[in-house]
Amino acid sequence: MKAKKSPGLSPQINPKYCNFRLQVRPSKIHRWGVFALEHIPKGRKVMEYTGKLVSRKEGKRRSESAQIHCLFTIDPYWYIDGAEGGSGAEFVNHCCDPNIESRIVHRHVLYFTLRDIAEGEELSLDYHFGKNQERVECGCGSPKCRGTINLLE
Ligand SMILES: [Zn+2]
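If you're wondering where the values come from, they're calculated on a predicted model, not measured in any experiment.

Focus: the nonpolar core
Then, in step 1: Core analysis: the largest hydrophobic core is formed by 31 residues, its most contacted members being Leu22, Met47, Tyr111 and Leu123.
Then, in step 2: Elements that contribute at least two residues to this core include exactly strand 1 (22-26), strand 2 (32-36), strand 3 (45-49) and strand 9 (108-113).

This is the structure:
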């Protein structure tokens, strides 16, 4: 997963792709974040990460040329670019102790809760940047923070 964000994106949720009431708001972690407007039980599908399906080559081109990066790696050949037709899931921040996880089902990226989420809580995902990718520092604030969004091993 690769998702560098820019304030140029319109910070909105498309409810069509959400199973619970969510909202984009300013986040303490990084710029914008996605917040629960209601209690969400553990193990439930919260939302889908949507966007344009692009090839690895096109994804590489976009990540080098665009100001806005919301590329979700779905397999060795395809990315979903949330900058085009994103559901709002592209605003979910990284946290080293996340409360949601992604599951890829037939080229759809679905976000599921790892535990109960309280009303008003921010959704967070471990981006799992590769250890060989450009190192990005983490400011998630979790006691379990590993200091970087990249995986250490
Ligand atoms: Zn962290």
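Describing the sheet that holds strand 4 (residues 52-55)
Then, in step 1: Read from one edge to the other, the open sheet built from 3 strands follows the order 4-6-5, with strand pairing classed as antiparallel. Where the open sheet ends on each side, the last strands, each with one partner, are strand 4 and strand 5 (71-73). Ignoring which end each strand starts from, the neighbouring axes of this sheet average 35 degrees apart.
Then, in step 2: As paired strands, strand 5 and strand 6 (residues 78-81) are joined by 3 bridges and run antiparallel to one another. In the sheet register, threonine 73 faces strand 6, and the bridge partner there is tyrosine 79.

Quick word on the coordination of the zinc ion
Then, in step 1: Cys96 (SG), Cys138 (SG), Cys140 (SG) and Cys145 (SG) make up the full set of protein donors to the zinc ion, lying at 2.3 to 2.4 Å.
Then, in step 2: Here the zinc ion binds 4 donor atoms, and the angle range of 104 to 115 degrees at the metal identifies the geometry as tetrahedral.

Topic: the pairing of strand 6
Then, in step 1: Strand direction decides the pairing type here: strand 4 and strand 6, joined by 4 bridges, are antiparallel. From the neighbouring strand, leucine 53 faces strand 6, where its bridge partner is isoleucine 80.
Then, in step 2: Counting the residues between successive antiparallel strands, the hairpin from strand 5 to strand 6 contains 4 residues.

A few points about helix 1 (residues 56-65)
Then, in step 1: Taken together, the buried positions of helix 1 are Gly59, Arg62 and Ser63. The buried residues of helix 1 all sit within an arc of 95 degrees when viewed along its axis, so they share a single face. Turned more than 90 degrees away from the buried face of helix 1 sit Lys57, Lys60 and Glu64, all of them exposed.
Then, in step 2: Buried residues in helix 1 make contact with strand 4, strand 5 and strand 6.

Comments concerning the side chain of serine 63
Then, in step 1: Examined against the element boundaries, serine 63 turns out to sit in helix 1.
Then, in step 2: Residue classification places serine 63 among the buried positions, given a relative accessible area of 19%.
Then, in step 3: Here lysine 60 takes part through its backbone oxygen, which lies 3.0 Å from a polar atom of the side chain of serine 63.

Notes on the packing of aromatic side chains
Then, in step 1: Applying the stated criterion to the full structure yields 4 aromatic pairs.
Then, in step 2: Between tyrosine 49 and phenylalanine 72 the ring centres are 5.2 Å apart and the planes differ by 55 degrees, which places this aromatic pair in the tilted class. Residue tyrosine 49 is located in strand 3, and its partner phenylalanine 72 is located in strand 5; the two are separated by 23 residues in the primary sequence.
Then, in step 3: The class for tyrosine 49 is buried, based on a relative accessible area of 0%.
Then, in step 4: Both rings, one in phenylalanine 72 and one in tyrosine 111, keep their centres 6.5 Å apart while their planes meet at 45 degrees; by these two values the pair is tilted.

Each value, and the rule that gives it
Residues numbered from 1 in each chain as written. Predicted model: local features only at pLDDT ≥ 70, side-chain atom pairs only at ≥ 80, totals over all residues. Heavy atoms only, no water. Core = buried A, V, L, I, M, F, W, Y, C linked by side-chain atoms within 4.5 Å. Buried < 20%, exposed > 50% of the residue type's maximum accessible area, 1.4 Å probe, protein only. Helix = DSSP H or I, 4+ residues; strand = E, 2+ residues; numbered from the N terminus. Pairing = 2+ DSSP bridges. Axes fitted to C-alpha atoms, helices over the stretch in contact; angles between N-to-C directions. Donors = N, O, S within 2.8 Å, 3.2 Å for Na, K, Ca; no water. Tetrahedral: all angles 85-135°; square planar, octahedral: opposite > 155°, others 65-115°. Arc of directions from axis to C-beta. Contact = heavy atoms within 4.5 Å. Polar contact = N/O pair within 3.5 Å; in protein donor to acceptor, adjacent residues only side chain to side chain. Phe/Tyr/Trp six-rings, centres within 6.5 Å; stacked < 30°, edge-to-face > 60°.

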